[in-house]
Amino acid sequence: MDAVSDIQVRRAGRDDAESLVRLRGLMLEAMGNDLGGPDARWRAVALEWFAGQLASPYTFAAYVVDDPDVGVVAGAAGNVQVHPPGPKDPTTARGHLYNVSTEPAFRRRGLARACVVALMDWFQDETAVGQVELHATDYGIDLYRGLGFTESKYPTLRFRTTRA
């Protein structure tokens, strides 16, 4: 499909928490995660989390695209996080971009890109972050490279605690 030339991106509001959880599920599923059923515990926790984040407009933003018949079909979210300064970035805040997802029937139209661009504008114009980080999937890495993201010299490592 061709890219949509007149994409209407809007900042997500309090009523969009459920849509952000649904989009997160699509993203996690595309990454090979088992989401569980509609009553899986993570969904309720995520709904509460997104509702709380949406009430913190200086440290959280999400941008979405609506379809008149379906509702929210694409989105991207990000947080401002406190971070110690360093020689290449003397700022004390970093941005974290995540939850970039599009409903399957609406992919390859530039919707996710438009949401990421809006979010990057927010980071640039309305926050004090010195850099923005993300974890890219193989499916999305070209989008991020095209927007100027580069690979970090050091890989991300993860340790999971025993909390469920």
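Shown above is the structure to which this text applies.
Treat the numbers as computed from the prediction; the structure is a model and nothing was measured.

A. Examining the sheet that holds strand E5 (residues 132-133) more closely. Overall, mixed pairing links the 5 strands, which are arranged E1-E2-E3-E4-E5 in an open sheet. The sheet is open, and its two edges are formed by strand E1 (9-11) and E5, each paired on a single side. Relative to strand E3 (residues 71-82), strand E2 (residues 60-67) runs antiparallel, the two being bridged by 8 bridges. The residue bridging alanine 62 from the neighbouring strand is alanine 77, located in E3. In the packing of helix H1 (residues 17-30) onto the sheet, contacts are made with E2, E3 and strand E4 (93-102), and the angle to E4 comes to roughly 80 degrees. Each of E1, E2, E3, E4 and E5 is contacted by helix H3 (residues 111-126), which is oriented at about 30 degrees to E3, the strand it contacts most.

B. Structural view of the layout of surface pockets. If you add up the space inside the largest pocket, you get close to 1,500 Å³. Counting residues per element, the ones that place at least two in the lining of the largest pocket are H1, helix H2 (41-54), E4, H3 and helix H4 (141-146). With 7 residues, E4 is the largest single contributor of residues to the lining of the largest pocket. The residue inventory of the lining of the largest pocket, partitioned by class, reads 21 nonpolar, 10 polar and 9 charged. Here the second largest pocket defines a volume of roughly 840 Å³. In terms of lining residues, the second largest pocket is bounded by 27 residues, among which Glu133, Leu134, Thr150, Glu151 and Ser152 are the most central. Within the residue set of the lining of the second largest pocket, elements represented by two or more residues are E4, E5 and H4.

C. Main features of H1. The end-to-end C-alpha distance of H1, which contains 14 residues, comes to 20 Å, matching closely the 20 Å that a straight helix rising 1.5 Å per residue would cover. For H1, every residue scored as buried is listed here: Ala17, Ser19, Leu20, Val21, Leu23, Gly25, Leu26, Met27 and Leu28. Tucked inside the fold, the buried residues of H1 contact H2, E2, E3 and E4. Residue glycine 32 follows H1 closely and has a positive phi angle near 90 degrees.

D. Representation of the pattern of salt bridges within the structure. Under the definition given, this model contains 7 salt bridges. Residue aspartate 16 pairs with arginine 10 through a salt bridge whose shortest N-O separation is 2.7 Å. The class for aspartate 16 is buried, based on a relative accessible area of 8%. Put simply, Arg10, Asp16 and Asp66 are held in one network by salt bridges that share partners.

E. Focus on the nonpolar core. With 23 residues, the main nonpolar core has Tyr63, Ala76, Leu97, Val100, Leu119 and Tyr144 as its most contacted residues. Mapped onto this core, the elements with two or more residues apiece are E2, E3, E4 and H3. Ranked by the residues each element gives to this core, the list is headed by H3, at 8 residues. With residues up to four places along the chain from it excluded, the contact list for tyrosine 63 reads Val9, Arg10, Arg11, Ala12, Ala74, Gly75, Ala76, Cys115, Ala118, Leu119 and Trp122. Listed in part, the 15 residues of the second largest apolar core include Val21, Ala46, Phe50 and Tyr98.

Cut-offs applied
- All residue numbers refer to positions counted from 1 along the written sequence of the respective chain.
- Local features in this predicted model are restricted to residues whose pLDDT is 70 or higher, and side-chain atom pairs enter the listing and the counts only when it is 80 or higher, whereas totals over whole chains, interfaces and linings include all residues.
- In computing side-chain values, all of the structure's heavy atoms are included and hydrogens and water are not.
- Paired strands, in this sense, are two strands between which DSSP finds at least two bridges.
- Secondary structure elements are defined from DSSP: runs of H or I of at least 4 residues count as helices, runs of E of at least 2 residues count as strands, and each element is numbered from the N terminus.
- When checking whether two residues touch, look at their non-hydrogen atoms; a contact exists if any pair is within 4.5 Å.
- As a rule, the C-alpha atoms of each element are fitted with a line to give its axis, helices using only the stretch in contact, and angles between N-to-C directions run from 0 to 180 degrees.
- A pocket, in this scheme, is an open set of points on a 1 Å grid over the protein atoms alone with protein on both sides within 12 Å along at least 5 of 7 lines, while a cavity is a set where a 1.4 Å probe fits but cannot get out; residues line either one if an atom lies within 4 Å of a point.
- Grid points are joined across faces, edges and corners, and a volume is the space filled by probe spheres set on the points.
- Here the term charged refers only to Asp, Glu, Lys and Arg, the term nonpolar to Ala, Val, Leu, Ile, Met, Phe, Trp, Tyr, Cys and Pro, and the term polar to all other amino acids, Gly among them.
- The length a helix should cover is 1.5 Å for every residue beyond the first.
- Three labels apply to residues, based on accessible area from a 1.4 Å probe with only protein chains included: buried if under 20% of the type maximum, exposed if over 50%, partly exposed otherwise in between.
- Within this document, salt bridges are pairs made up of a side-chain nitrogen of Lys or Arg and a carboxyl oxygen of Asp or Glu, the two lying within 4 Å of each other.
- Grouping buried Ala, Val, Leu, Ile, Met, Phe, Trp, Tyr and Cys residues that are joined through side-chain atoms within 4.5 Å yields what is termed a nonpolar core.

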